[in-house]
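# Summary of the model geometry
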Amino acid sequence: MLKKTVTPCKIAFSTPAADKLLINVAGDWVIGNDFPPIGDVQKNLEQHSSLRQISFNTEELLAWDSGFLTFLIKVRDICTQYEIEMNKEGLPEGVQRLLTLSSAVPERKGARRETVREPVLARIGVKALDFVRASGEMLGFIGEAFLVFVRLLSGKARFRRSDIALIIQECGPQALPIVTLISFLVGLILAYMGAVQLQMFGAQVYVASLVGLGMARVMGALMTGIIMAGRTGASFAAQLGTMQVNEEIDAYRTLGISPMEFLVLPRMLALILMVPLLTLYADLVGILAGLFVGVTMLDIGFMEYYHQTVVSLTLTQFAVGLIQATVFGVLIAIAGCMRGMQCGRSASAVGEATTSAVVTSIVFIVVAAGVLTIVFNQLGI
Amino acid sequence: MTATIEEEQERDAHITARDLTMAYGDFVIQRDLNFSVRRGDIFIIMGGSGCGKSTLLRHLIGLKAPARGEVFFNEVNFWKSETEEQERMKRNFGVLFQSGALFSSLTIAENVALPLGEYTDLSPAQILEVVSYKLSLVGLAGFEEFYPSEISGGMQKRAGLARAMAMDPEILFFDEPSAGLDPVSARLLDDLILELRDSLGATVVVVTHELASIFAIGNNSVFLDPETKTMIAGGDPKRLLAESRDPKVQNFLTRGEKGESDIKENNE
Ligand SMILES: Nc1ncnc2c1ncn2[C@@H]1O[C@H](COP(=O)(O)OP(=O)(O)OP(=O)(O)O)[C@@H](O)[C@H]1O
Ligand SMILES: [Mg+2]
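The notes below deal with the structure included here. On a predicted model such as this, the values are computed, not experimentally measured, just so you know.

All names here are of chain A. According to the stated counting rule, one finds 0 disulfides over all chains in the structure shown. Free of any disulfide, Cys 171 has its nearest neighbouring cysteine sulfur in Cys 337, separated by 10 Å. Assessed through its relative accessible area of 1%, Cys 171 is described here as buried. Lacking any disulfide linkage, Cys 343 is separated from the closest cysteine sulfur, that of Cys 337, by 13 Å.

Here the focus is empty space enclosed by the protein. Inspection of the entire model under this criterion finds 3 cavities of 30 Å³ or more. Roughly 130 Å³ of internal volume is contained in the largest cavity. Among the elements of the structure, α8 (248–254) of chain A together with β6 (93–96), α4 (108–119) and α6 (153–165) of chain B are those that each provide at least two residues to the lining of the largest cavity. Tallied by class, the residues present in the lining of the largest cavity amount to 9 nonpolar, 2 polar and 3 charged. Estimates place the volume of the second largest cavity at around 60 Å³. Around the second largest cavity, the lining residues are Glu 247 of chain A together with Ser 54, Leu 57, Arg 58, Ile 61, Val 95, Leu 96, Phe 97, Gln 98 and Asp 175 of chain B. Sorting the residues of the lining of the second largest cavity by element identifies α2 (53–60) and β6 of chain B as the ones contributing at least two each. A per-element tally of the lining of the second largest cavity places α2 of chain B first, with 3 residues. Split by residue class, the lining of the second largest cavity holds 5 nonpolar, 2 polar and 3 charged.

Next up on the list: the coordination of the magnesium ion (ligand 2). All names here are of chain B. Looking at the magnesium ion (ligand 2), one finds its protein donor set to be Ser 54 (OG) and Gln 98 (OE1), positioned 1.9 to 2.2 Å from the metal centre. With Ser 54 in helix α2 and Gln 98 in the loop between β6 and α4, this residue pair connects regions lying 44 residues apart in the sequence. By relative accessible area, Gln 98 is classed as partly exposed at 36%.

For the rest of this paragraph, the subject is the nonpolar core. Ile 15, Phe 35, Ile 45, Leu 56, Phe 73, Phe 173 and Val 205 of chain B are the most contacted members of the largest nonpolar core, which has 82 residues in total. Of all the elements, helix α9 (residues 259–297) of chain A adds the most residues to this core, at 12 residues. Leave out the neighbours within four places in its chain, and Ile 15 of chain B touches Phe 35, Ser 36, Val 37, Leu 60, Val 71, Phe 72, Phe 73, Ile 171, Phe 173 and Val 205 of chain B. Listed in part, the 42 residues of the second largest apolar core include Leu 135, Ala 159, Leu 172 and Leu 211 of chain B.

In this structure the tally under the stated criterion is 14 aromatic pairs over all chains. With 6.5 Å between their ring centres and 75° between their planes, Phe 35 of chain A and Phe 71 of chain A make a pair best called edge-to-face. Highlighted residues: Phe 35 of chain A in the loop between β2 (20–29) and α1 (38–47) and Phe 71 of chain A in helix α2 (residues 66–82), separated in sequence by 36 residues. Measuring from ring centre to ring centre gives 5.1 Å for Phe 223 of chain B and Phe 252 of chain B, while their planes differ by 90°; the resulting arrangement is edge-to-face. Taken as a pair, Phe 223 of chain B in strand β9 (residues 220–225) and Phe 252 of chain B in helix α10 (residues 247–253) lie far apart in primary sequence, 29 residues in all. Both residues of the pair, Phe 223 of chain B and Phe 252 of chain B, belong to the buried class. Aromatic rings pair up to connect Phe 73, Phe 78, Trp 79, Phe 93 and Phe 173 of chain B into one cluster. Against the face of Phe 159 of chain A rests Arg 161 of chain A, its NZ or CZ located 4.5 Å from the ring centre.

Conventions we followed
- Residues numbered from 1 in each chain as written.
- Chains lettered and ligands numbered in written order.
- Predicted model: local features only at pLDDT ≥ 70, side-chain atom pairs only at ≥ 80, totals over all residues.
- Heavy atoms only, no water.
- Disulfide = S-S within 2.5 Å.
- Buried < 20%, exposed > 50% of the residue type's maximum accessible area, 1.4 Å probe, protein only.
- 1 Å grid on protein atoms, 1.4 Å probe; cavity = no way out; pocket = protein on both sides within 12 Å on 5 of 7 lines; lining within 4 Å.
- Points joined across faces, edges and corners; volume = space filled by probe spheres on them.
- Helix = DSSP H or I, 4+ residues; strand = E, 2+ residues; numbered from the N terminus.
- Nonpolar A, V, L, I, M, F, W, Y, C, P; charged D, E, K, R; others polar.
- Donors = N, O, S within 2.8 Å, 3.2 Å for Na, K, Ca; no water.
- Core = buried A, V, L, I, M, F, W, Y, C linked by side-chain atoms within 4.5 Å.
- Contact = heavy atoms within 4.5 Å.
- Phe/Tyr/Trp six-rings, centres within 6.5 Å; stacked < 30°, edge-to-face > 60°.
- Lys NZ or Arg CZ within 6 Å of the ring centre and 35° of its normal.

Purely geometric numbers; function is a separate question.
This is how it looks when you write it as structure tokens:
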């Protein structure tokens with residue numbers, strides 16, 4: 001925009017009578033221009049204690065917009081405070097009308113929120129209480145989800161079978177490209193990292209064992225879990241959150257249809273089914289990446305690599321990975337759906353729900369992976 | 001005389017609110033609401049923007065428990081009933097939300113068909129017939145296969161109306177049904193509401209700001225005031241216009257032409 005030259009705002013005070021104050025305004029009173037501080041007006045009012053009325057002279061006023069009005073509203077507030085009459089006659093006609101309009105509807109008492117800065121201790125307390133409440137809500141949601149699964153098993157849960165197919169399509173096959181890319185790279189990295197050490201002993205063939213075990217036991221499940229948390233967990237939270245904003249969830253409730261059964265159950269089922277399958281696929285891709293590195297860079301023969309992989313991998317290793325994957329699937333589904341269902345009624349709340357779904361599921365996943373690794377280790381698997 | 005009217009209201013009351021207080025957390029929206037809606041009434045909930053009309057509706061349809069007080073349907077206390085009993089009562093409700101609240105993953109036809117598929121034994125073909133009929137009532141014939149995001153705001157409102165009427169419910173709750181409609185459609189909607197009442201004997205609870213339709217269809221009402229946070233008037237809107245002495249009510253019912261000066265005096 002073209003920057004016009006503006007004449008500075010000027011304000012001058014005079015007292016035509018003992019109980020009257022005349023405010024002379026001059027210049028361009030437009031937003032962006034420097035207005036004189038409102039304190040000047042207040043000071044003048046305080047100096048003349050016998051003041052009953054203030055009025056305006058705007059003959060030298062060149063231009064005005066909302067900036068001028070906000071200034072006048074502040075003046076009006078001061079006037080009410082000191083019980084002085086504000087005479088609007090000297091103001092331009094448009095300004096007078098807008099001022100009148102802005103006072104037509106009195107401010108709702110109690111509607112304006114007071115923002116009080118609380119002491120640190122109080123805030124810590126509030127946070128702690130929030131945490132307790134949030135944990136309670138989480139347990140409540142898990143309990144509800146459990147009950148819905150019980151209803152599913154007893155054949156009483158109501159949902160549309162076609163929804164499951166659609167959601168499976170969304171969170172399974174459509175995730176293949178990203179899962180392929182990530183697990184291939186992870187396999188590649190594992191192979192290289194291992195090769196650096198193993199080559200020193202001339203034992204590079206054990207790269208096959210390392211990659212195979214690494215992918216099957218942990219990395220396949222972990223990587224798939226994290227991808228699905230970012231991809232599907234977030235999308236569940238956003239979908240359900242938007243439904244909450246649109247009152248769709250309320251509409252289901254009033255139709256007597258439980259949103260837990262109709263919306264959450266198919267999503268959880270689809271995810272719990274797809275994460276293990278994707279994990280198996282990720283294992284395979286990772287192992288292929290290792291094979292690629294082994295054959296092309298480390299001079300291991302194809303058959304040699306294959307043989308070493310088969311020897312070191314048993315079904316148990318895959319089972320360990322799959323158990324983890326299933327647990328991750330449950331956790332992501334719970335986190336995503338829970339944050340979506342808890343969502344508030346605004347666009348920003350949906351954003352928060354999505355972020356919080358991803359954060360929650362990744363925390364869940366990493367903690368669960370740690371616990372499960374220790375458990376499997378203790379069990380000697 | 002007032003006593004007899006109230007007695008009469010109590011007698012065939014379909015919905016009764018007793019000392020109903022509504023709050024979000026500690027923030028009270030409205031307190032001590034007492035009114036009853038007779039069978040076959042077209043009951044208007046009115047009041048300025050943000051005074052708690054939608055909130056009151058949420059309490060009546062069982063979405064939000066009152067902070068205090070009771071809601072009765074046919075003299076059965078809703079919030080003291082078992083969950084199954086509540087579900088059964090809710091099945092008699094048809095609700096149009098202020099935002100339409102269509103299920104975004106379903107087509108218009110599937111939206112209207114959902115309750116039919118859940119609660120009736122109709123065959124898919126029969127359901128389709130009912131759906132087409134309901135859609136034609138709201139002027140949406142031919143839009144069966146559209147998704148909610150593919151139709152306009154006013155059309156979403158009308159589709160929501162069709163869904164609310166799908167089961168021929170005993171009580172219809174409409175939150176601003178005519179907002180976003182052109183004057184002619186709004187007028188047709190009024191006729192439709194009257195027709196639903198007359199032919200199906202439905203009780204209709206409507207939140208609306210449209211003065212024309214308040215007087216055209218309403219025969220009972222409650223007026224919520226955001227400042228005193230309670231109801232300041234109730235009864236037949238036409239009688240309120242003629243008899244109410246309250247400047248706020250007069251102001252509202254005459255679009256600010258009457259009662260405004262009185263309100264100014266009250267404030268100053
Ligand atoms: N979820 C909520 N949490 C806290 N306060 C809320 C919530 N929803 C609404 N309110 C408050 O309740 C009051 C009434 O809201 P409500 O939506 O019932 O108004 P309304 O009368 O329907 O208004 P309108 O005519 O504009 O639709 C408002 O002041 C609003 O600030
Ligand atoms: Mg509303």
